[in-house]
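Spelled out from the first residue to the last, the chains are:
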Amino acid sequence: MAAYRKFNATKLFSGTEMFFNDKVLVCHPDGTIENIINLQDAGDDVEYFPGLICPGFINAHCHLDLSHLQNEIPEGTGLVDFVQQVMSKKNDKTAVEKLIAMEAAANELSGSGTVAVGDICNGEESIAIKINSPIAWKNFVEISGFVNATAAQRLEPGLETINSFKAKGLNAQLVPHSPYSVSKTLFKRINEETAGGIVTIHNQEAVAENGLYKNKTGGMLRLYENLGIDISGFEATGTTSIKSWLPYFTRQQSIISVHNSFSSEEDIQFAKNYAVANLRSIHFCICINANLYIENQLPPINMLMAQGCDLIIGTDSYASNHHLNVWQEIKNIQDHFSQIPLVTILKWATINGARALDMEDKLGSFERGKTPGIVHIYKDEVTRIL
């Protein structure tokens, strides 16, 4: 049997705890974790790395399909204009150009220490990239349709896409796009299709989303008008977005609520209470660079932490970000929320993300028997060691 590999670093983050240079990570040559031991007990052949060693990153929210839109949409447009530009530009490239862009994006993800991705899929285009990828993909097939009468015809292509993924040995799960793009009837159908599964949804990304649900006013009406969507059948609920859509999910799903830029303390308290009674779990995904790119709005991280939320990290897509590097997300969180310890943010990017994607058995921490990937960070350069 080949000898163990032993890693010592200035800092060693286990997925839950930060150690310093007196600990050694011991693993098998294939990356399976054996133990974390004291340096004095490690014997010979210890490899030393200046900087930080941690488990591979979990990017809980990405859109590989939109990789061809890198640098195509200007910053600061606001969500309504951003969505319109995505819809108008998403088919501007050829299939080959899209494939090349997705491959480059997947290479950046892997090269910057990401070992698993919760990826939003709008079709089958990413299958070719994922079949032999070193990344573990959790594929969320996104559907939308804001008119009740079209729910069945909107659902069918999503189910066909899921079958295409599964035919290639890849997992896939149906999910809604957002509260402002999914009708009441479609939400109910998605609930039926996702019992016990993971549901990820863009939530409260703009003020206009709450205005739509509270009193059917605001910028979303301009979006529907410009897209030629008749929303005469939509009735305001008189309350906020998350209080309106979350109760559609009644089948012990795990929810990943993404962005949450305009969620209030009351919204989060409601969501957490609802989750305890009706769901397996709820995680709140921070995509700080995308929030700043689209709305120039910081996510309410301090409030979410004060409410005891389970936080995770995503990059969103090249359409709304200049990179897909989780370490860059961590750095930007530190820049804007300097009081948050690095160990806390690293938990969001590792063990919390693994739990949210139901990958905790293999990823997210240096526990015996796991193969979480080993990442080295030094002077902001990220390298996958194993």
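Here, every reference points to the structure presented above.
Parameters and conventions
Residues numbered from 1 in each chain as written. Predicted model: local features only at pLDDT ≥ 70, side-chain atom pairs only at ≥ 80, totals over all residues. Heavy atoms only, no water. Pairing = 2+ DSSP bridges. Helix = DSSP H or I, 4+ residues; strand = E, 2+ residues; numbered from the N terminus. Axes fitted to C-alpha atoms, helices over the stretch in contact; angles between N-to-C directions. Buried < 20%, exposed > 50% of the residue type's maximum accessible area, 1.4 Å probe, protein only. 1 Å grid on protein atoms, 1.4 Å probe; cavity = no way out; pocket = protein on both sides within 12 Å on 5 of 7 lines; lining within 4 Å. Points joined across faces, edges and corners; volume = space filled by probe spheres on them. Nonpolar A, V, L, I, M, F, W, Y, C, P; charged D, E, K, R; others polar. Phe/Tyr/Trp six-rings, centres within 6.5 Å; stacked < 30°, edge-to-face > 60°.

What to know about the sheet that holds strand 7 (residues 114-121)
And step 1. Strand order in this open sheet of four strands is 6-7-8-9, and the pairing throughout is parallel. Only two strands of the sheet have a single neighbouring strand rather than two, namely strand 6 (57-62) and strand 9 (173-176). Averaged over all pairs of adjacent strands, the angle between their axes in this sheet comes to 25 degrees, without regard to strand direction.
And step 2. Inspection of the sheet shows strand 7 paired to strand 8 (residues 136-143) by six bridges, in the parallel sense. By the bridge assignment for strand 8, Ile-120 is matched with Phe-140.

Focus: unusual backbone geometry
Glycine aside, negative phi is the norm for most residues, and most peptide bonds take the trans geometry.
And step 1. The phi angle at Lys-379 is positive, at roughly 55 degrees, despite the residue not being glycine.
And step 2. Residue position: Lys-379 is located in the loop between strand 14 (374-378) and strand 15 (381-384).
And step 3. Looking at Lys-379, the relative accessible area reads 69%, which means it is exposed.
And step 4. At Asp-380, a residue that is not glycine, the phi angle is positive and equals roughly 65 degrees.
And step 5. Assessed through its relative accessible area of 36%, Asp-380 is described here as partly exposed.

Topic: the layout of surface pockets
And step 1. Quantified by volume, the largest pocket comes out at close to 1,000 Å³.
And step 2. Lining the largest pocket we find 42 residues, and of these Met-87, Lys-90, Asn-122, Glu-142 and Ser-144 sit closest to its centre.
And step 3. Broken down by secondary-structure element, the contributors of at least two residues to the lining of the largest pocket are helix 1 (79-89), strand 8, helix 4 (151-167) and helix 7 (220-227).
And step 4. Of the residues in the lining of the largest pocket, the class split is 17 nonpolar, 17 polar and eight charged.
And step 5. The space that makes up the second largest pocket amounts to roughly 290 Å³.
And step 6. What lines the second largest pocket is a set of 17 residues, among which Asn-148, Lys-184, Gly-233, Phe-234 and Glu-235 lie closest to the centre.
And step 7. Of the residues belonging to the lining of the second largest pocket, the class tally is nine nonpolar, five polar and three charged.

A few points about the sheet that holds strand 12 (residues 281-286)
Sheets are built from strands paired through backbone hydrogen bonds, the pairs being either parallel or antiparallel.
And step 1. In spatial order, the strands read 10-11-12-13; together these four strands make up an open sheet with parallel pairing. A strand with exactly one partner marks an edge of an open sheet, and here the two such strands are strand 10 (198-203) and strand 13 (310-313). Direction aside, neighbouring strands of the sheet carry axes that sit 30 degrees apart on average.
And step 2. Here six bridges tie strand 10 to strand 11 (residues 254-259), and the two strands are oriented parallel to one another. Looking across to strand 11, one finds that His-202 is bridged to Val-258.

Details of the pairing of strand 15
And step 1. In the sheet, strand 14 pairs with strand 15 via four bridges, with the strands oriented antiparallel. Opposite Val-375, over in strand 15, you have Arg-384 as the bridge partner.
And step 2. Counted along the chain from strand 14 to the antiparallel partner strand 15, the turn is two residues long, and its residue Lys-379 has a positive phi close to 55 degrees.

What about the packing of aromatic side chains?
And step 1. Scanning all chains against the criterion turns up eight aromatic pairs.
And step 2. Summarising the aromatic geometry, the rings of Phe-7 and Phe-49 are spaced 5.9 Å apart at their centres and angled 50 degrees between planes, so their arrangement reads as tilted. You can see Phe-7 sitting in strand 1 (residues 5-13) and its partner Phe-49 sitting in strand 5 (residues 46-55), a full 42 residues away along the chain. We note that Phe-7, like Phe-49, is buried.
And step 3. Residues Trp-245 and Phe-249 carry aromatic rings whose centres are separated by 6.3 Å and whose planes lie at 75 degrees to one another, so their mutual orientation is edge-to-face.
And step 4. Under the relative-accessibility criterion, Phe-249 is labelled buried at 0%.

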